[in-house]
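Read off the chains here:
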Amino acid sequence: MNISRQSAVRAAAHGTERSSARRAELIAIGRRLFADTSYDALSMDDIARQAQVAKGLIYYYFHSKRGYYLAIIEDSVAGLVSFAASGAGLPPAERVHRTIDSYLRYAEHNQAAYRAIVSGGVGFDTEVHAIRDGVREAIVATIAEGAYGRTDIAPVARMGLLAWVCSVEGAALAWIDRGELSRETMGELLVKTLGGALRAIEELDPAYLAPAPARRDG
């Protein structure tokens, strides 16, 4: 590769990195803005002014206010899933505890983003609902891997874990709103309710034995 070609490749790579960094910066700004103000109350002019950028720059990266909002939600989802799926190398029981604690940590420290994910966005937003459903499936897969050692589980097991995840969403929303319990106590409560779900799954489908820590005689 000649020198001019190498220079062009380096310039393109630098431009891509700079563009990615700029996009990430705008998403971070948007998360702060939407944390304090509702979606409908913020116009693109408001966003551009508070972000101290040209409105055209937001259109360049995200095409519209909705595109910008969806990008913020998707970024929040990536953070939530990453938090909850951490600790893959731990023993199964420890991994489940780590998953629940990480989930609560995310909800506690990213309250606006968490509320947006769980509530499904603005009104009945099918795209945000699809993103939220993807989060649920990712958490179900993480718990299934910890409880059963695999993610390809039968319908009863999957629905039982999904029902538990949906109950966790509502409980976590109430927890961050009320602040009555410590994260440790809330985590233990969710672990125990998961144990109940795992025992119910075993009762309905004996092929899915509840792990020893979830058994009443364990």
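Residues numbered from 1 in each chain as written. Predicted model: local features only at pLDDT ≥ 70, side-chain atom pairs only at ≥ 80, totals over all residues. Heavy atoms only, no water.

A word on the overall build of the protein chain
(1) Moving on: Looking only at helices and strands, the protein chain has 9 helices and 0 strands in total.
(2) Moving on: In sequence order, the secondary structure elements of the protein chain are arranged as α-α-α-α-α-α-α-α-α.
(3) Moving on: For the protein chain, with 218 residues in total, the buried portion stands at 40%.
(4) Moving on: Within the protein chain, residue pairs in contact and separated by at least 24 positions form 61% of the contacts whose partners lie at least 6 positions apart.
(5) Moving on: As presented, the protein chain carries roughly 11700 Å² of accessible surface, and 55% of it is formed by carbon and sulfur atoms. (Helix = DSSP H or I, 4+ residues; strand = E, 2+ residues; numbered from the N terminus. Buried < 20%, exposed > 50% of the residue type's maximum accessible area, 1.4 Å probe, protein only. Contact = heavy atoms within 4.5 Å. Areas by Shrake-Rupley, 256 points an atom, 1.4 Å probe, with all protein chains shown as cover.)

Things to note about the packing of aromatic side chains
What characterises a pair of aromatic rings is the spacing of the ring centres plus the angle enclosed by the ring planes.
(1) Moving on: Counted according to the given criterion, the structure contains 5 aromatic pairs.
(2) Moving on: For the pair tyrosine 60 and tyrosine 61, a centre-to-centre distance of 5.0 Å together with 85° between the ring planes defines the contact as edge-to-face.
(3) Moving on: Look at tyrosine 60 and you get exposed, because its relative accessible area is 59%.
(4) Moving on: When the centroid spacing of 4.8 Å and the interplanar angle of 40° are considered together, the rings of phenylalanine 62 and tyrosine 68 count as tilted.
(5) Moving on: According to the relative accessible area criterion, tyrosine 68 is buried, its value standing at 0%.
(6) Moving on: Taken together, the aromatic side chains of Tyr60, Tyr61, Phe62 and Tyr68 make up a single cluster linked through ring pairs. (Phe/Tyr/Trp six-rings, centres within 6.5 Å; stacked < 30°, edge-to-face > 60°.)

Some words on the pattern of salt bridges
(1) Moving on: One pass over the structure, following the stated rule, counts 12 salt bridges.
(2) Moving on: One salt bridge connects arginine 22 with glutamate 25, and the closest N-O pair in it is separated by 2.9 Å. With arginine 22 and glutamate 25 both in helix α1 (residues 3-36) and 3 residues apart, this pair spans about one turn of that helix.
(3) Moving on: Of the charged contacts, one joins arginine 183 and aspartate 101 as a salt bridge, the two residues approaching to 3.0 Å between their closest N and O atoms. Within this pair, whereas arginine 183 is found in helix α9 (residues 183-204), its partner aspartate 101 is found in helix α5 (residues 92-109), the two being separated by 82 residues in sequence.
(4) Moving on: Assessed through its relative accessible area of 14%, arginine 183 is described here as buried.
(5) Moving on: Assessed through its relative accessible area of 23%, aspartate 101 is described here as partly exposed.
(6) Moving on: The network of salt bridges with shared partners includes Asp101, Arg105, Glu108, Arg183 and Glu184. (Salt bridge = Lys/Arg side-chain N within 4 Å of Asp/Glu carboxyl O.)

Examining α9
(1) Moving on: Its 22 residues give α9 an end-to-end C-alpha distance of 32 Å, which sits within 8% of 32 Å, the value for a rise of 1.5 Å per residue.
(2) Moving on: Every buried residue of α9 is listed here: Arg183, Met186, Gly187, Leu190, Val191, Leu194, Gly195, Ala197, Leu198, Ile201 and Glu202.
(3) Moving on: Summarising the contacts, the buried residues of α9 are in contact with α5, α7 (126-148) and α8 (155-178). (Expected span 1.5 Å × (residues − 1).)

Here's the deal with the confidence of the model for the protein chain
(1) Moving on: Across the protein chain, the average pLDDT comes to 82, with 85% of residues at 70 or higher.
(2) Moving on: A low-confidence stretch, residues 6-14 stays under pLDDT 50, and its non-local contacts, those more than four residues away or across chains, total 2 contacts. (pLDDT = per-residue confidence, 0-100.)

Regarding the packing of α5 against α9
(1) Moving on: Packing of α5 against α9 brings their axes to within 10 Å, and their N-to-C directions diverge by 130°. When the axis of α5 is compared with that of α9, the two are oblique. Crossing geometry of α5 relative to α9 is assigned as right-handed. Between α5 and α9, the residues in contact are Val96, His97, Ile100, Asp101, Leu104, Arg105 and Glu108 and Arg183, Met186, Gly187, Glu188, Leu190, Val191 and Leu194, respectively.
(2) Moving on: Class assignment for the residues of the contact of α5 with α9 results in 7 nonpolar, 2 polar and 5 charged. (Axes fitted to C-alpha atoms, helices over the stretch in contact; angles between N-to-C directions. Parallel < 35°, antiparallel > 145°, perpendicular 65-115°, else oblique. Left-handed = near helix turned anticlockwise from the far one by under 90°. Nonpolar A, V, L, I, M, F, W, Y, C, P; charged D, E, K, R; others polar.)

Considering unusual backbone geometry
(1) Moving on: Even without being glycine, glutamine 52 reaches a positive phi, approximately 60°.
(2) Moving on: Mapping glutamine 52 onto the fold places it in the loop between α2 (44-51) and α3 (55-62).

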